[in-house]
Amino acid sequence: MQNNQTKSSWTTKMLVEGALAIALSFVLARFRLFQMPQGGEITPGQMIPLIIFSLRYGAKKGFLIGAVYGILDMIFGGYVIHPIQAILDYPMPYGLIGLSGLYSEEFKRTHQFGPILKGTLIAIIARFVTHVLSGVVFFSSYAPEGQGALAYSLVYNASYLAVEYAIALVILFLLKNFLTKDLPKM
């Protein structure tokens, strides 16, 4: 019973690492390599601190830290036209980055890159879905004449999120040995 209580509670170390993940993501997001015209950008790894936190502590805690980051990102430079759009473009997609923690136990057990790859793919797909939904519902007026809102939103969001995903994978691959440094093999 004590083990379950320990697993679900937040330690000081987790809170500090969560705050650092939020701060690092916030800083990395300010270094835009490319800015899309109607929102979205390519950064030098904005999602990486959130992914690392999720790999270390699991999807639930990762979701919370990601959602807090999303709220801060919205407050300091977000574009909001409707409360539901705000949720779909900020706390929800960044919270869903926490899904990369679905494979945290496998990662801790194996110290292999496969769980990072799988978790990050699920997280980026979930983030993509929320941005596409927001684009279809709230930004369909930007779709070119003759192109449907769904097709436009799919292409628009994939164009920058695919690059963000690739950057994250390359950096996470390079950091893999560092990530396992203080993790005992289970």
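- Going by an unreviewed UniProt entry, the protein chain carries the name Energy-coupled thiamine transporter ThiT and comes from Anaerococcus martiniensis.

**A word on the packing of helix 8 (residues 114-138) against helix 9 (residues 149-179)**
So, step 1. The contact between helix 8 and helix 9 brings their axes to 9 Å, and the two run at 155 degrees. Compared by their axis directions, helix 8 and helix 9 come out roughly antiparallel. Crossing of helix 8 over helix 9 shows right-handed handedness.
So, step 2. Classifying every residue of the contact of helix 8 with helix 9 by side-chain character gives 17 nonpolar, 5 polar and 3 charged.

**A closer look at the packing of aromatic side chains**
So, step 1. Tallied over the entire structure, the rule returns 9 aromatic pairs.
So, step 2. Aromatic side chains F113 and F173 sit 5.2 Å apart centroid to centroid with 90 degrees between the ring planes, which places their arrangement in the edge-to-face category. Of this pair, F113 sits in the loop between helix 7 (104-110) and helix 8 while F173 is found in helix 9, placing the two residues 60 residues apart along the sequence.
So, step 3. Between the aromatic rings of Y156 and Y160, the centroid separation amounts to 6.3 Å while the plane-to-plane angle is 75 degrees, which identifies the pairing as edge-to-face. With Y156 and Y160 both in helix 9, this residue pair falls 4 residues apart, about one helical turn.

**A short note on the nonpolar core**
So, step 1. Within the largest apolar cluster, 33 residues are counted, with the highest numbers of intra-cluster contacts made by I51, I116 and L172.
So, step 2. Elements that contribute at least two residues to this core include exactly helix 2 (12-30), helix 3 (48-57), helix 4 (59-75), helix 8 and helix 9.
So, step 3. In terms of residues, this core owes the most to one element, helix 9, which gives 10 residues.
So, step 4. Apart from residues lying up to four places away in sequence, I51 is in contact with I97, S100, T120, A168 and L172.

**Quick look at the UniProt feature "transmembrane region" (unreviewed entry) in the protein chain**
So, step 1. UniProt's entry tags residues 14-33, 62-81, 116-142 and 154-175 with the feature "transmembrane region" (unreviewed entry), counted in the numbering of this structure.
So, step 2. Along residues 154-175 the backbone is 100% helical and 0% strand, and the end-to-end C-alpha distance reaches 30 Å.

**Quick look at helix 4**
So, step 1. Here helix 4 contains 17 residues, and its C-alpha end-to-end distance of 24 Å stays within 8% of the 24 Å for a straight helix at 1.5 Å per residue.
So, step 2. Looking only at helix 4, the buried set comprises A59, K61, G62, I65, G66, A67, Y69, G70 and D73.
So, step 3. Taken from the residues just after helix 4, G77 is the one with a positive phi, measuring 130 degrees.

**As for unusual backbone geometry**
So, step 1. Phi at H111 takes a positive value of approximately 60 degrees, unusual for a residue other than glycine.
So, step 2. Overall, the relative accessible area of 12% leaves H111 in the buried class.

**Observations concerning the pattern of salt bridges**
So, step 1. In this structure the tally under the stated criterion is 4 salt bridges.
So, step 2. Where R56 meets E17, a salt bridge forms, and the shortest distance between an N and an O atom there is 2.8 Å. Of the two residues, R56 sits in helix 3 while E17 sits in helix 2, which places them 39 residues apart along the sequence.
So, step 3. Of the charged contacts, one joins E106 and K118 as a salt bridge, the two residues approaching to 3.2 Å between their closest N and O atoms. In this pair, E106 sits in helix 7 while K118 sits in helix 8, placing the two residues 12 residues apart along the sequence.

Parameters at a glance
Residues numbered from 1 in each chain as written. Predicted model: local features only at pLDDT ≥ 70, side-chain atom pairs only at ≥ 80, totals over all residues. Heavy atoms only, no water. Axes fitted to C-alpha atoms, helices over the stretch in contact; angles between N-to-C directions. Helix = DSSP H or I, 4+ residues; strand = E, 2+ residues; numbered from the N terminus. Parallel < 35°, antiparallel > 145°, perpendicular 65-115°, else oblique. Left-handed = near helix turned anticlockwise from the far one by under 90°. Nonpolar A, V, L, I, M, F, W, Y, C, P; charged D, E, K, R; others polar. Phe/Tyr/Trp six-rings, centres within 6.5 Å; stacked < 30°, edge-to-face > 60°. Core = buried A, V, L, I, M, F, W, Y, C linked by side-chain atoms within 4.5 Å. Buried < 20%, exposed > 50% of the residue type's maximum accessible area, 1.4 Å probe, protein only. Contact = heavy atoms within 4.5 Å. UniProt positions renumbered as here; feature names shortened; annotations may be inferred. Expected span 1.5 Å × (residues − 1). Salt bridge = Lys/Arg side-chain N within 4 Å of Asp/Glu carboxyl O.

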